[in-house]
Amino acid sequence: MRIKLTGGVTAARAVALALLLGLFPAAHADSIAITGVTVIDGTGARPLDNVIVVVENGRIAAIGSRAEVPADADVIDGRGQYLLPGFIDSNVHASIYGNSTRRETVVKYGHRNDELALEFAQRQLKYGVTTVRDSYGALEPLKKVRDRIEAGDAVGARLLVAGNIVGWGGPFSMTFSLMQESELTLFQAQWNDSIAQGVGEELMDMGPEEVRAAISAYLDKGPDFLKYGGTSHFFRPSLIGFSPRVQKAIVDETHRRGLIAETHSTSPEALRLSVEAGIDLIQHPEILTREYPDDLIELIVERDVICGLRSNTLAGQPWQQHLAARRAAEAELDNAPPPKSSAEARDRQRRLNVDYEIQRRNAERLIAAGCRVSIATDNYQGRAPEFRKTPKSEVHEAGIGSILAIEGLVELGMSEMEAIVAGTRNGAIAAGMLDEIGTVEVGKQADLVLLAANPLDDIANIRRLSAVIARGRQVDIDALPENVLFYTGPAPAARAAPVAPGKPPAGAQPVAATSTETVETAEAEDRSAMPIKRVSRSSRGRYIVELENGEIWKQLDSDDTPVSIPRDVTGLTAEFKRSFLGSTTIKVSGTGRAFKVSKIR
């Protein structure tokens, strides 16, 4: 937990705030003031320098150079920092659902989908992604987690859920995995039913009014938006799922409920039918069997259909890896004889990964044409870690995948400001919540990220998180996820035990009115001359200190103290200091500076 107290903070107030430790991994104050900060509001407007942003009762109450700071506000010094709206990902998969190659994960963990979905939502929030739209998965556990987060009973990114992709029969079906019903076990058949929720492949045989009734019954179950299969899941052959009349009925019934309608369509003609039916959003529109016809792009722009791009997969390391693999494949095929069949010709195209290059060109053209773009990563759970032969790529990992997508938009042709708008405001439009989230404006919910460096100078600075505020509460990102199941990143910090009401922590001292304290989760007492066994670095460049007694301490991701520890730690010791509010620092002998830590072991 991290609560910064600056100016006029009494010891009594500090103790009152400490009572919240262990109850919420976020500050539960009625008001927060971020002072001297530069605001990049998500609208694309010029940044506002040196302003005060006041948050009260979960909403943005004031923005301005002369905004009044409430007397009881927790004050965050924002000088030299940049305040943005929380990031929004339009397409994730927080639950496990399986497919023909991921059967064992569903068998082992399917009954724990609510735990997995909450862990996923917390992993997204850890990177400043405050809202996600889950466009395919297990509806009932997703709703359960959605409602817990919305009620404030759990911490995580706001979760909007669709459940099944209408027209698909579940993960072990013909439409999803090319699996015939005759091949299925009873478990697989029943699992299909639990995912399809009565709007599976049977809808493909129905007329418009039957489908309309089925959609109405499904929407009664409580999804936040609706996604349907304009085509089947697989790429080739890309089979059209519904007639124009039926697609119109699906979209109209969804709109009648005031909800967003979107499609998965992977051929130009299928996508055209969906756009003409009146959809609001296209998931991964770059994934087509061929390059876009000009008039289809014009139609998408004209109707202002949101394009949810998987830009995390099209730029950066994935693109560089593709170029290297293509050069190797070209060398192998350079002297090959002509293909003997169309199947062999297609196989060579697959080896060169021509489809992937089409996807990147499609994305670049959609951006250049002015399509309204949001990030839509397809971040997913995948196999359980113990069933993976190789580590899962971070491209589709919760949280970091969303950051990579915003960064990727710049490589695909956007300016840094346009990429920020895509990752915030446009995501709010995709969620149907622009009146509530997506920009830093008075009256909106306080979903905010504070960055230590300017993302307009370098979009990679969106990784430089100083603080995350969700629904007006500061989040202890170092403590997330709270319950580790599939997460394989650095160990979350342990949460401190709650303090008994009316009883200050042992050794408490009054806090000077001008002091700044940081509440962190840690367990340590003042100690000196603790022998160090080794020092290493985490994936985010933070120090990990292992003591001779077996304890392991990690520098907090939020701590930017400039310190240099030599590789050879022979004879070096650590000095621990703990404030009465619970923060712990280590100073390694000979380095001169102390840095904040949490205990891993």
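Described in the following lines is the structure provided in the data block. (Residues numbered from 1 in each chain as written. Predicted model: local features only at pLDDT ≥ 70, side-chain atom pairs only at ≥ 80, totals over all residues. Heavy atoms only, no water.)

**Digging into the overall build of the protein**
Then comes step 1: From N to C terminus, the protein includes 16 helices and 26 strands.
Then comes step 2: When the 601 residues of the protein are sorted by exposure, 57% land in the buried category.
Then comes step 3: In the protein, 72% of the contacts between residues at least 6 apart in sequence involve partners at least 24 apart.
Then comes step 4: Working note: accessible area of the protein is about 24,400 Å², and carbon and sulfur atoms make up 49% of it. (Helix = DSSP H or I, 4+ residues; strand = E, 2+ residues; numbered from the N terminus. Buried < 20%, exposed > 50% of the residue type's maximum accessible area, 1.4 Å probe, protein only. Contact = heavy atoms within 4.5 Å. Areas by Shrake-Rupley, 256 points an atom, 1.4 Å probe, with all protein chains shown as cover.)

**A closer look at the packing of aromatic side chains**
Aromatic ring pairs are reported here in terms of the distance separating the ring centres and the angle at which the planes meet.
Then comes step 1: All told, the structure shown has 11 aromatic pairs when counted by the stated rule.
Then comes step 2: For the pair Y97 and Y136, a centre-to-centre distance of 4.9 Å together with 70° between the ring planes defines the contact as edge-to-face. Taken together, the residues Y97 in the loop between β7 (87-93) and α2 (103-109) and Y136 in the loop between β8 (129-134) and α4 (139-151) connect sequence positions 39 residues apart.
Then comes step 3: What makes Y97 buried here is its relative accessible area of 9%.
Then comes step 4: Plain terms: the ring middles of Y109 and F486 are 5.1 Å apart, the flat faces sit at 90° to each other, and that makes the pair edge-to-face. Residue Y109 is located in helix α2, and its partner F486 is located in the loop between β19 (473-474) and β20 (516-518); the two are separated by 377 residues in the primary sequence. The same class applies to Y109 as to F486, namely buried.
Then comes step 5: Three or more aromatic residues joined by ring pairs make a cluster, and in this case those are Y97, Y136, W168 and F176.
Then comes step 6: In this structure, R360 packs its charged tip against the face of W319, placed 4.3 Å from the ring centre. (Phe/Tyr/Trp six-rings, centres within 6.5 Å; stacked < 30°, edge-to-face > 60°. Lys NZ or Arg CZ within 6 Å of the ring centre and 35° of its normal.)

**Points about the environment of R123**
Then comes step 1: Inspection of the secondary structure puts R123 in helix α3 (residues 113-126).
Then comes step 2: On a C-alpha basis, the gap between R123 and Y487 in space is 7.9 Å, while along the polypeptide they are 364 residues apart.
Then comes step 3: Filtering out sequence-adjacent residues up to four positions away, R123 remains in contact with Q381, E397, A398, G399, P481, F486 and Y487.
Then comes step 4: A distance of 2.3 Å separates the side chain of R123 from the side chain of E397, its partner in a polar contact. (Polar contact = N/O pair within 3.5 Å; in protein donor to acceptor, adjacent residues only side chain to side chain.)

**What to know about the pairing of strand β11 (residues 226-229)**
Then comes step 1: Neither face of β11 is exposed, since L226 and Y228 on one face and K227 and G229 on the opposite face are all buried.
Then comes step 2: The sheet contact formed by strand β10 (residues 165-166) and β11 spans two bridges and is parallel. From the neighbouring strand, V166 faces β11, where its bridge partner is Y228.
Then comes step 3: The pairing of β11 with strand β12 (residues 261-264) spans four bridges and is classified as parallel. Of the residues in β12, the one forming a bridge with K227 is E262.
Then comes step 4: Chirality of the crossover, the property in question, places the unit of β11, helix α8 (residues 244-256) and β12 among those that are right-handed. (Pairing = 2+ DSSP bridges. Right-handed = clockwise from strand over helix to strand, strands pointing away.)

**Quick word on the sheet that holds β7**
Then comes step 1: The strand order across the open sheet built from four strands is β9-β8-β7-β16, with neighbouring strands paired in parallel fashion. Edge positions in the open sheet fall to β9 (158-161) and β16 (379-380), since each of these has one partner strand only.
Then comes step 2: As paired strands, β7 and β8 are joined by four bridges and run parallel to one another. By the bridge assignment for β8, V92 is matched with D134.
Then comes step 3: Packed on one face of the sheet, α3 meets β7, β8 and β16 and runs near 140° to β8.
Then comes step 4: Running over the sheet, α4 touches β8 and β9 and is turned about 145° from β9. (Axes fitted to C-alpha atoms, helices over the stretch in contact; angles between N-to-C directions.)

**Thoughts on the nonpolar core**
Then comes step 1: Counting residues in hydrophobic clusters, the biggest one holds 82 residues, and the most contacted among them are Y228, I300, V373 and L409.
Then comes step 2: Broken down by element, this core gets its largest block of residues, six residues, from helix α14 (residues 400-411).
Then comes step 3: If we skip the residues at most four places from it in the chain, L409 touches L309, S311, I367, V373, I375, M414, A419 and A422.
Then comes step 4: With 17 residues, the next largest nonpolar core counts M530, V569, F576 and V588 among its residues. (Core = buried A, V, L, I, M, F, W, Y, C linked by side-chain atoms within 4.5 Å.)

**Here we look at the pattern of salt bridges**
Then comes step 1: Counted according to the given criterion, the structure contains 36 salt bridges.
Then comes step 2: Taking the shortest distance from any N to any O, the salt bridge between E269 and R272 comes out at 3.3 Å. Here E269 and its partner R272 are both found in helix α9 (residues 268-277), three residues apart, which amounts to about one turn of the helix.
Then comes step 3: Classification of R272 by relative accessible area gives buried; the value is 13%.
Then comes step 4: Taken together, the salt bridges that share partners define one network made up of E209, R212, E253 and R256. (Salt bridge = Lys/Arg side-chain N within 4 Å of Asp/Glu carboxyl O.)

Interpretation note: all reported values are geometric properties and have no functional meaning in isolation.
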